[in-house]
Amino acid sequence: MVKACIFDLDGVIVDTAHYHFLAWKRLANELGFNLTETDNERLKGVSRLQSLEIILELAGITLSDHEKELLANKKNTWFVDYVERMVPEEIFPGVRKLIQDLRSAGIKVALASSSKNAKTVIQLLHIQNDFDAVVDGTMIAHSKPDPEIFLLASTKLGIPPSECLVFEDAEAGVEAARAAGMKCVGIGSHDQLGKATKVIAKTGEFTVAELSRI
Ligand code: BG6
Ligand code: MG
């Protein structure tokens, strides 16, 4: 019986996953290589620094911690530039209604994003008050695929993991949800997210009625 739904942010509620991709691609270009959409799948869900490590591995470059910090900051500045221009209309169709319907049905709703920019994004989208709990990248020691973020959300909601359902677009996120002992709806393609309990193309396709069938 599902009593709580936990939403990832980037790529689940809004297409900020694309802004992350554009910013990493720009950095990759500066480092002399082209970041493909396929390689980008590995960056989804993991922390900023872990994403950079993958970029450096793809580029075959070794850097000091200080140099890594400078590059991570540079990428974040570009990402924030995109994000600051966002408007509430960019929320994926049907998502705001889904969250409202869940809460009206007595289901707790949390946001669990590895991003340190998550609070800024939900404020810009005017949905900061739509969640019973918010957990972001500033509050965890280990990012997805570690289950920490989802377990923290479960604790904050007061709902045990077995009664939580996660919505995730990243392979690392699906793994984190399963490691936390939670069911998971994958948003995207079955090839990428086959470990999820169920896969749908878009978050807005999900309805409260489906909770009893999952
Ligand atoms: C996740 C994204 O939500 O947040 C990753 O899927 C991103 O692509 C990570 O790297 C960290 O985000 P930020 O905003 O802290 O750099
Ligand atoms: Mg995501």
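The structure this text deals with has already been given above.
Starting afresh in each chain, residues are numbered from 1 along the sequence in its written order. Key to labels: chains lettered from A, ligands numbered from 1, both in the order written. With the structure being a predicted model, the display of local features is reserved for residues of pLDDT at least 70 and the display and counting of side-chain atom pairs for 80 or more, all residues being used for whole-chain, interface and lining totals. Heavy atoms from the whole structure form the basis of all side-chain values; hydrogens and water molecules are not counted.

Student: It is not clear to me how helix 3 (residues 48-59) should be interpreted in this structure. Could you clarify?
Tutor: Quick reminder: α-helices carry 3.6 residues per turn. Residues three or four places apart thus point the same way. The secondary structure listing takes helices from DSSP runs of H or I that are at least 4 residues long and strands from runs of E that are at least 2 residues long, numbered from the N terminus. To estimate how far a helix should extend, the number of its residues minus one is multiplied by 1.5 Å. Over its twelve residues, helix 3 runs 16 Å from end to end, which matches the ideal 16 Å to within 8%, given 1.5 Å per residue. The set of residues buried in helix 3 consists of Ser51, Leu52, Ile54, Ile55 and Leu56. Check the buried side of helix 3 and you find it contacts helix 1 (16-30) and helix 4 (65-84). Immediately beyond the C-terminal end of helix 3, within one or two residues, lies Gly60, with a positive phi of roughly 70°. With a 1.4 Å probe rolled over the protein chains alone, any residue whose accessible area is under 20% of its type maximum counts as buried; one over 50% counts as exposed, and the rest are partly exposed. Contact criterion: two residues are considered in contact whenever any of their non-hydrogen atoms come within 4.5 Å of each other.

Student: How should the pairing of strand 5 (residues 183-187) be read in this particular structure?
Tutor: Looking along a regular strand, one sees the side chains alternate between the two faces of the sheet. Most of strand 5 sits inside the fold, with four of its five residues counted as buried. Look down the strands so they point away from you; if going from the first strand over the helix to the second traces a clockwise path, that crossover is right-handed. Read from strand 4 (residues 164-168) through helix 8 (residues 171-179) to strand 5, the crossover connection turns out right-handed. Pairing between strand 5 and strand 6 (residues 198-200): three bridges, direction parallel. Across the sheet, residue Gly186 finds its bridge partner in strand 6, namely Val199. We call two strands paired when DSSP finds no fewer than two bridges between them.

Student: Looking at this model, I keep getting lost on the coordination of the magnesium ion (ligand 2). Mind explaining?
Tutor: Angles at a metal have ideal values that depend on geometry: 109.5 degrees with four tetrahedral donors, 90 or 180 degrees with six octahedral donors. Here a donor is any nitrogen, oxygen or sulfur atom (N, O, S) within 2.8 Å of the metal, with 3.2 Å used for Na, K and Ca; water is not among the atoms considered, so some sites may look incomplete. Protein ligation of the magnesium ion (ligand 2) involves Asp8 (OD), Asp10 (O) and Asp169 (OD), the donor distances falling in the range 2.0 to 2.1 Å. Going along the chain, you hit the donors of the magnesium ion (ligand 2) in the pattern D-x1-D-x158-D. With a gap of 159 residues between them, Asp10 in the loop between strand 1 (4-7) and helix 1 and Asp169 in the loop between strand 4 and helix 8 connect regions that are remote in the sequence.

Student: Explain the sheet that holds strand 5 to me, please; I cannot follow it from the model alone.
Tutor: Backbone hydrogen bonds hold the strands of a sheet together, and the pairing may be parallel or antiparallel. Strands sit in the order 3-2-1-4-5-6 across an open sheet of six strands; the sheet is parallel. Taken across any chain shown, the strands that pair with only one partner, and hence form the sheet edges, are strand 3 (133-135) and strand 6. Between one strand axis and the next, the sheet turns by 20° as a mean value, whatever way the strands run. In this structure, strand 2 (residues 108-112) lies alongside strand 3, joined through three bridges in parallel fashion. Its bridge partner being in strand 3, Ala110 is matched across the sheet by Ala133. Sheet strands in contact with helix 5 (residues 95-104) are strand 1 and strand 2, and its direction is about 155° off that of strand 1. Each axis is a line fitted through C-alpha atoms, and for a helix only the stretch in contact is used; angles between axes span 0 to 180 degrees, taken between their N-to-C directions.

Student: I keep staring at the pattern of salt bridges and nothing clicks. Help me out?
Tutor: Opposite charge on two side chains permits pairing when their charged atoms draw close. By definition, a salt bridge exists where a carboxyl oxygen of Asp or Glu is found within 4 Å of a side-chain nitrogen of Lys or Arg. Scanning the model with the defined rule gives 13 salt bridges in all. In this structure, the salt-bridge partner of Lys195 is Glu175, at a minimum N-O distance of 3.4 Å. Residue Lys195 is found in the loop between helix 9 (190-193) and strand 6, and its partner Glu175 is found in helix 8; the two are separated by 20 residues along the sequence. Lys195 sits in the exposed class, given a relative accessible area of 53%. Glu175 sits in the partly exposed class, given a relative accessible area of 31%. Here the salt bridges share partners, and the residues they tie into one network are Asp8, Lys144 and Glu168.

Student: Explain the site of ligand 1 here, please?
Tutor: Taken together, the neighbourhood of ligand 1 is formed by 13 residues, with Asp10, Arg48, Ser115, Lys116 and Asn117 sitting nearest. Here an oxygen atom of ligand 1 sits 2.7 Å away from a polar atom, N or O, in the main chain of Lys116. With the chains in place, 97% of the 390 Å² that ligand 1 exposes on its own is no longer accessible. For the shell around ligand 1, a count of residues per class yields two nonpolar, seven polar and four charged. How far each domain reaches was decided by an automatic or database domain assignment. Lining the shell around ligand 1 are residues from two domains, each supplying at least three of them: domain 1 (4-14 + 91-213) and domain 2 (16-83). Near, as used in this document, describes a residue that has one of its heavy atoms within 4 Å of the molecule or strand being considered. Throughout this description, a polar contact denotes any pair of N or O atoms lying within 3.5 Å of each other; where both atoms belong to protein, one of them has to be capable of donating a hydrogen while the other can accept it, and for residues adjacent in sequence the pair is counted only when both atoms sit in side chains. Only the protein chains shown count as cover for residues, and the accessible areas themselves come from Shrake-Rupley with a 1.4 Å probe. Throughout, the ten residues Ala, Val, Leu, Ile, Met, Phe, Trp, Tyr, Cys and Pro are labelled nonpolar, Asp, Glu, Lys and Arg are labelled charged, and all others, Gly among them, are labelled polar.

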